Amino acid sequence: MQRYVIDNNKNTNVEDFQMRDMLLSKLKKRFTTYGYKQVRTSTFESYDMYSNIIGTVNKDEMIKVIDTSGKVLVLRPDVTIPLNRMTTLNGLTPDNQRLFYILDVFRQSHAEADEKESTQAGIECFGDNSAEVDSEVIMMAIHTFQDLGFSNFKLEIGHAGFFKELIQQANLNEHELESLQALIQSKNLVDIEPFLSQLNIDEDVRVAIQSIPMLYGNPENVIDQAKSIIRNDSMKEILQNLIDVYEILQAYGAENSVVFNLGLINNMNYYSGIIFQGFVDNIGKPVLMGGRYDNLGKQFNQPSPAVGFAFEVDLLIHAIQQQELAQPQSPVVDVIIHYNESKQQEALRSAYVLRDNGLQVLTYLNNKSATQIRSSYIAEFNESQNKLISRKIEKNFSNPEELLALLQKEEN
Amino acid sequence: MEQITIALAKGRPAKSTIDLLEKTGEHFVDLHEDSRKLVFYNTDQSIKVIFVKALDVPTYVEKGAADIGIVGKDNIMESQADVYELLDLKIGKCKFSVAGRPEHPTKGNQKLTIATKYPNVAKKHFQKKGQTIETVKLNGSVELAPIIGLSDYIVDIVETGSTLKENGLVVLEDIENISTRLIVNKASFATKANEVQTFINQLKSAME
């Protein structure tokens with residue numbers, strides 16, 4: 001038989017799943033405390049929907065499927081767009097303003113051919129465009145990082161509009177814009193100066209663009225520096241938006257977890273307002289990405305302000321394993337029951353009663369037990385007596401109810 | 001202070017990089033270009049230096065295995081790594097060029113075959129010019145390819161041009177200037193901002 005060792009599913013063993021489950025329940029709990037409700041979207045989405053929306057997922061990265069009628073479908077390449085469509089089409093109700101999801105997304109790239117699926121845990125907040133909502137969403141991300149036990153994490157906050165506004169005054173062609181974007185994304189101070197000087201743009205626009213990569217770090221410093229390159233009212237508004245968000249984050253007491261990065265350009269072109277990404281130690285890529293996208297709804301003919309973010313769950317798990325934030329759990333059950341054939345009925349009935357009361361129970365006939373499984377208690381049923389044993393006690397009992405009472409007494 | 005990891009490229013440019021590191025005032029035990037060791041520490045263990053293959057430096061930095069990398073621009077361009085490129089160390093200067101036999105006929109709009117160690121760089125350059133090409137990836141002695149008819153031209157780094165000359169090739173076009181650069185992992189830049197900035201400033205003053 002041929003052996004299939006191409007196991008691309010990450011974390012397929014039991015321990016990994018337990019850890020993942022624990023992580024997801026922490027995320028769920030935190031999202032819920034901010035008033036978010038869980039939803040899911042269909043695994044199959046229409047290819048046309050994605051290809052008609054400008055500035056979303058790269059068409060080549062989507063995994064396509066053809067159904068029996070010849071219609072082209074894609075495996076859900078992102079969750080934001082279907083959720084946005086759902087809300088804009090159904091109209092905003094008190095029920096669907098704050099949604100969260102934990103879903104797999106599917107994309108393929110040449111660079112990482114083995115990694116076609118990944119899990120995203122994210123939230124979307126519809127209906128409001130205000131600095132209060134923006135900062136609450138950012139705060140929720142910070143709060144979640146704290147829940148997961150990361151001591152050293154940073155959220156970079158930028159604004160999608162700042163660069164766009166500035167670039168409009170430079171009048172660049174597609175090639176030039178692409179090169180400039182790459183230079184700014186890599187903070188390439190070495191090459192940006194010669195690149196800009198060979199373009200035909202105003203001196204002060206050039207200086208402003210050149211300073212963007214270094215608009216990074218402590219928010220107060222960045223705000224001061226950015227003030228000097230403001231060129232029109234809409235840039236002024238954008239900066240004011242960032243200042244407002246920062247002030248509210250200060251009110252939350254979260255100012256030490258954020259830095260500003262006005263050179264942040266997200267490849268998802270639909271962002272219109274603040275954008276942010278989260279980093280933890282030893283993971284080179286952002287483990288969290290998000291931002292405000294008020295214009296996406298327009299593409300469904302219904303403008304609808306929205307802000308959201310998503311955690312990359314697989315990267316989070318990787319980080320948690322690397323930093324050893326999760327304690328490995330050895331397999332432990334509450335009670336192991338050993339019994340003789342003569343006591344079978346009594347022993348199995350006891351097991352039923354204990355399980356009914358929420359205890360984890362394993363039963364073994366004639367001491368045939370898997371040795372590596374540990375338990376807090378051992379209950380023995382043999383001809384002469386029934387005995388409950390733990391490290392602290394050793395007591396006899398006569399029926400299941402008595403056993404349960406003994407256990408409950410010990411646990412309290 | 002958290003420890004930072006710096007990935008250096010093994011091979012030719014290592015010596016001048018090590019000289020520069022010593023000038024920052026940090027002393028690294030046993031660090032010299034002929035050492036067989038791959039990991040070095042400075043005296044208070046706040047900086048760890050690792051030696052890796054030049055083309056792997058951007059990968060180490062992109063994945064966060066190293067916070068900082070010191071490597072030639074040629075390898076950064078070829079790897080297309082998503083990192084910050086913050087400083088030009090002004091050493092290891094050379095350039096990317098297209099070279100070929102002087103008497104080789106130009107084929108008009110036909111498809112060209114390019115032999116190179118840097119297929120990504122070659123593809124990007126010719127794509128910009130609207131020329132379709134086929135690349136042949138070689139790992140050394142690239143100059144041989146046009147001579148024996150494996151390719152029309154080559155794309156390679158050119159320092160003095162003497163290797164090209166000795167093999168009867170000429171530079172047809174320059175693509176980009178190359179020098180040794182300092183690259184930084186995007187997460188480290190955020191989470192280890194102080195340590196990274198301190199090191200960059202040390203390096204900057206050592207260059208003056």
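Here the residue index of a chain counts from 1 through its sequence in written order. Each chain gets a letter, beginning with A, and each ligand a number, beginning with 1, in the order they are written. Given that the model is predicted, a residue must reach a pLDDT of at least 70 before its local features are reported, and side-chain atom pairs must reach 80 or more before they are shown or counted; all residues, however, enter totals for whole chains, interfaces and linings. Only hydrogens and water are removed before side-chain values are computed, so all heavy atoms of the structure are retained for them.

K.L.:
Hey, could you run me through the overall build of chain A in this one?
P.N.:
Helix and strand assignments follow DSSP, with helices taken as H or I runs no shorter than four residues and strands as E runs no shorter than two, numbered in order from the N terminus. A tally of helices and strands in chain A yields 13 helices and 17 strands. Radius of gyration means the value over C-alpha atoms here, while the globule rule gives 2.2 Å times the residue count to the 0.38 power. Relative to a compact globule of 412 residues, whose C-alpha radius of gyration would be 22 Å, chain A shows 28 Å and is clearly more extended. Projected onto the principal axes, the alpha-carbon positions of chain A cover approximately 100 × 55 × 45 Å. Taken over 412 residues, chain A has a buried fraction of 48%. We call two residues in contact whenever any of their non-hydrogen atoms come within 4.5 Å of each other. Sequence-distant contacts, at least 24 apart, represent 69% of the contacts inside chain A between residues at least 6 apart. The Shrake-Rupley method, run with a 1.4 Å probe, gives the accessible areas here. Residue values count only the displayed protein chains as cover. When the accessible surface of chain A is split by element, carbon and sulfur atoms take 46% of a total near 21200 Å². Only protein chains enter the area calculation, which uses a 1.4 Å probe; residues under 20% of their type maximum are buried, those over 50% are exposed, and those in between are partly exposed.

K.L.:
Where do I start with the environment of N221 of chain A in this structure?
P.N.:
Its place among the elements puts N221 of chain A in helix α9 (residues 219-227). Residues N221 of chain A and F279 of chain A lie 58 residues apart in sequence; the distance between their C-alpha atoms is 21 Å.

K.L.:
How do you make sense of the domain arrangement of chain B when you look at a structure like this?
P.N.:
One widely used convention gives an interface's size as the accessible area the parts lose upon coming together. All names here are of chain B. With domains assigned, chain B is organised as domain 1 (4-92 + 179-207) and domain 2 (94-178). For each domain, the first and last residues come from an automatic or database assignment. A C-alpha centroid distance of 29 Å is found between domain 1 and domain 2. Each side of the interface is counted separately: domain 1 has ten residues, and domain 2 has twelve residues. Two parts placed together each lose some accessible area; with a 1.4 Å probe, that loss summed over both constitutes the buried area. Around 980 Å² of area is buried between domain 1 and domain 2 when both sides are counted, 50% of it from carbon and sulfur atoms. Each reported salt bridge corresponds to a side-chain nitrogen of Lys or Arg within 4 Å of a carboxyl oxygen of Asp or Glu. At the boundary of domain 1 with domain 2, the tally comes to zero salt bridges.

K.L.:
Please clarify how the sheet that holds strand β5 (residues 84-88) of chain B should be interpreted in this entry.
P.N.:
Adjacent strands of a sheet pair through backbone hydrogen bonds, lying either parallel or antiparallel. All names here are of chain B. Between any two strands, pairing holds if DSSP finds at least two bridges. Strand order in this open sheet of six strands is β2-β3-β1-β4-β11-β5, and the pairing throughout is mixed. For this open sheet the edge positions go to β2 (39-41) and β5, each flanked by a neighbour on one side alone. Ignoring which end each strand starts from, the neighbouring axes of this sheet average 25° apart. Bridging between β5 and strand β11 (residues 180-184) involves four bridges; their strand directions are antiparallel. By the bridge assignment, Y84 is partnered in β11 with V184. Between N-to-C directions, angles span 0 to 180 degrees; the directions come from axes that are lines fitted to C-alpha atoms, helices contributing only their stretch in contact.

K.L.:
What is the right way to look at the interface of chain A and chain B in this model?
P.N.:
Between chain A and chain B, the residue contacts involve 22 residues of the former and 20 residues of the latter. Both faces combined, the contact of chain A with chain B buries some 1700 Å², and carbon together with sulfur accounts for 50% of it. Counting across the interface, chain A meets chain B through two salt bridges. Here K73 of chain B and D191 of chain A are joined by a salt bridge, their closest N and O atoms 3.3 Å apart. Contacts described as polar in this section are N or O atom pairs within 3.5 Å, which, within protein, must combine one atom able to donate a hydrogen with one able to accept it, while residues neighboring in sequence count only if both atoms come from side chains. Scanning the region where chain A abuts chain B turns up nine residue pairs in polar contact (both at pLDDT 80 or more). Contributions of two or more residues to the side of chain A that touches chain B are made by β7 (153-159), α6 (174-185), α7 (189-197) and β10 (274-280) of chain A.

K.L.:
Honestly, the pattern of salt bridges in this entry has me stumped. Any pointers?
P.N.:
Any two side chains of opposite charge can pair, given that their charged atoms come close. One pass over the full model with this rule turns up 22 salt bridges over all chains. Note that D174 of chain B and K95 of chain B form a salt bridge whose closest N and O atoms lie 3.2 Å from each other. With a gap of 79 residues between them, D174 of chain B in strand β10 (residues 170-178) and K95 of chain B in strand β6 (residues 94-100) connect regions that are remote in the sequence. A cluster of three or more residues bridged by salt bridges with shared partners is formed by D191 of chain A together with K73, E85, D88 and R181 of chain B.

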